[in-house]
Amino acid sequence: MHALGQLLLVLVAGSAGGRGDPRDTLACSQGLTCRLLDTDVLCGTEPPGPRQELALARLRLEPALRCTEPTACAPCLEARVRLALAPGTATESPLSVQPGTAGTEDSGDGGQRSPATGATPSQPNVTGLLLLSGHTFASSRCVAVEVWAPLGPILRRRTVGWVIFRCFEAPLGSELHISAYMNSRGRQRLSQQQRVPDCSWPAAQDAVPQCQVPRLRVSPGQKEVVVEVEGAAVGHSYTLRLYHNHSHGTSGPGRVVTMQSSPMNYVLPADEVLPCLCLQVWLETQDPLRATLCPFSHDAEAWERLWARSRLVLHIEGQVLTCSLSAPCDLLAELVPCWQPVPSGPCQPLPGLQQPAEGKGPQEFGGLWPHPNLCVQVWSGGQVRLTQCLRDRALPGRPDDLLLLECGGNASLCAVERGACTPLASFTSRGAGHPGLLEQDLQRDVAGGQCQQLWHPSNRTGVTLWACPLHKYLRTHWALVWMGVLLGAACLLLLLLMKKEDMKAWLKSLRAGYGSSGPLQGRRALLVHAVEPVAERAACALMAALHSLGLTVVAAPGGGSGVAALGPLPWLHAQHHRALRDSDTIILLLSPAAVAAAQQWDTGAGVVPESRAAESSLGPRHSPDPGDVPAVAPCEVFAAALSCAMPVLAVAQGHYVVARLEALVPAVPPALRAAPAFALPADMERFLQALAGPSRHRGRCLEPHVVAVAEALQRAVGE
């Protein structure tokens, strides 16, 4: 007993400066006396006491609450230790044992409790030091309790009473390991492990602050959403967190707001409401329960706002098509490659190439080669939400390309259009003719490498996709179609004109108008030609035909029968001067002799023989007149005309025209190319229009006379 007394004195002295928790309580059953020495000692380092007199009979743990206020409690475990006399303990005086007290286990607490006291009993007794330790994963604690039991005539190992310690505190729902042993030689240890109650314990739901979960109430409006915290404890602060919930984790901490005053409301702009927006609120205390609410997951306006903020971007990395779908929330959608030849037309999905949208960086369409007509659509809920095309990346589209699908060889090609795959034997596309018209051509293009391969044959679908151009077939077809349409329209118009009586009257009046006055009425022309039979015949035929159109024609030299053929060169100069003055047209008719004269003039022999003698015969004061009949060789007239025309040929626009007999003269000599040239009779219409002049009113059409003038000239040249 002397050693135990020393130990008790050490513990009592240590308890004076210990770290005991004043909220701990200790109770003993009736007949026992106990005292709490220290609530935080170092178990296992105490010296052994005297031989064992009190033994441990049982250890029981019960859930309990440690409260400072009715609504400010902490969960803990209450340790109940039942003590008995150790075997061989001597009884020096009778021990009165009353029924239902220290010697029984009838009640759950071992009888009525007597508060712990520090007074040492005066009657003989047995003394012991009880040590209780509690351990969690993060902390440990040891409690020392001094116990006195009176001695009496009792049976060995008879129960003497209960020691109840309240309590070992630990976090909600955590595991707590509690041990009990006496400080004596050959000590016995009892251990038990139990979970601290969590918020499912009814007694903790209203008393433990961590279990008092607030409620969130959301009131949506047109421009803003009001978030209200309901059931908040008065005088406590709460934290409200707004974040975007993702399957691969939240997008950062989100927005955290501390709410203290009442009412606890938070106003959120409606533009920030998205389907994945979640709200979380908790009390500002250690390990609180959190109330979480995601109220907008089925909000239609929030989904529309999410799709409006989503972006689909296509990339071409080498020869691989990839796409990136970015959105503030997770999207349950599919990426579907499709074919769209026309920007405003439908987009035909490519079979077997759709894949779910992952939303974690670029997604690759392995085996799909880029083409300007390829697009990627985002499908969700049976609707197309987003569409992005390679054409949008400034790539020129190919509206005439046709998408072909091949299964097991070139013989099984079919055209993918309007949601179906049509065999080429019955395929018609955009007016491509009767069914099967392009079957052999397209098969030949695929076999010859004229089509671009879009989808490799080694893919999982077992098919190959080809993009074949159709523009070469469509151009030929449309040219034939337009020719047929124009021919049909001309026939229909002619039929309508022939059946209209007023049209007939108009045609009759038109023919009468042509007979009375020609379309070239009032116009004059000077026709210069070489002296050779074919030129003379052509000049005569041309003069006769033009005269019927109302054109006044003067010929030089006139084929040997006119005055100009016998006149001198001054007469020609006078005619040339008059034509230029009156804005008449000068016609240079090219025959083989005329071409030879022009080539001679062009090589430098531009001086006409005997021209000076002819000019001097008129005298210095003689003015040329059309009536003069000089005696000069007819072959010199055309060369003289060239001498007059060459200096002003390039600047006298509208006065000179060159008419070559195309059957005899293949090309215009270089000296005369400055003037408009016409190959007769092929260019007869343009020739007549040149004679009519640029300012001539075109009300009277020249077309009815072109054929007659051309035929007359053709007959004259062919004789």
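Anything mentioned here points back to the structure above.
The structure contained in this document is the topic of the report that follows. (Residues numbered from 1 in each chain as written. Predicted model: local features only at pLDDT ≥ 70, side-chain atom pairs only at ≥ 80, totals over all residues. Heavy atoms only, no water.)

**Overview of the overall build of the chain**
When you go through the chain residue by residue, the secondary structure sums to 14 helices and 35 strands. Residue pairs in contact within the chain that sit at least 24 positions apart in sequence constitute 68% of those at least 6 positions apart. Accessible area of the chain: about 36,500 Å², with a carbon and sulfur share of 55%. (Helix = DSSP H or I, 4+ residues; strand = E, 2+ residues; numbered from the N terminus. Contact = heavy atoms within 4.5 Å. Areas by Shrake-Rupley, 256 points an atom, 1.4 Å probe, with all protein chains shown as cover.)

**Some details on the state of the cysteines**
Within this structure, the stated rule accounts for 9 disulfides. Shown here is the disulfide that connects cysteine 28 with cysteine 34, its sulfur atoms set 1.5 Å apart. With respect to class, cysteine 28 is no different from cysteine 34; both count as buried. (Disulfide = S-S within 2.5 Å. Buried < 20%, exposed > 50% of the residue type's maximum accessible area, 1.4 Å probe, protein only.)

**Side note on the pairing of strand 20 (residues 334-339)**
Counting buried residues in strand 20 gives 5 out of 6 residues, a clear majority hidden from the surface. Pairing geometry for strand 20 and strand 22 (residues 355-356), over 2 bridges, is antiparallel. Bridge pairing in strand 22 places leucine 335 opposite glutamine 355. Where strand 20 and strand 24 (residues 374-380) come together, 6 bridges link them in antiparallel fashion. What sits directly across from proline 337, in strand 24, is valine 376. In this structure, strand 20 lies alongside strand 21 (residues 348-349), joined through 2 bridges in antiparallel fashion. For tryptophan 339, the partnering residue across the bridge sits in strand 21 and is glutamine 348. (Pairing = 2+ DSSP bridges.)

**Some remarks on helix 14 (residues 703-718)**
Under the 1.5 Å per step criterion, the end-to-end length of helix 14 is 23 Å for 16 residues, consistent within 8% with the ideal 22 Å. Taken together, the buried positions of helix 14 are occupied by His705, Val706, Val709, Ala710, Ala712, Leu713, Ala716 and Val717. Projected onto a plane normal to the axis of helix 14, the buried residues spread over an arc of 165° and lie on a single side. Exposed and facing more than 90 degrees away from the buried side of helix 14 are Arg715 and Gly718. (Expected span 1.5 Å × (residues − 1). Arc of directions from axis to C-beta.)

**Topic: the packing of aromatic side chains**
Enumeration according to the criterion identifies 2 aromatic pairs in this entry. Ring geometry for phenylalanine 678 versus phenylalanine 687: centroids 5.9 Å apart, planes at 70°, classification edge-to-face. Of the residues examined, phenylalanine 687 reaches a relative accessible area of 0% and is grouped as buried. Directly above the aromatic system of tyrosine 243 lies the positively charged group of arginine 241, at a separation of 4.2 Å from the ring centroid. Between arginine 290 and the ring centre of tryptophan 282, over which it is positioned, the NZ or CZ distance is 3.7 Å. (Phe/Tyr/Trp six-rings, centres within 6.5 Å; stacked < 30°, edge-to-face > 60°. Lys NZ or Arg CZ within 6 Å of the ring centre and 35° of its normal.)

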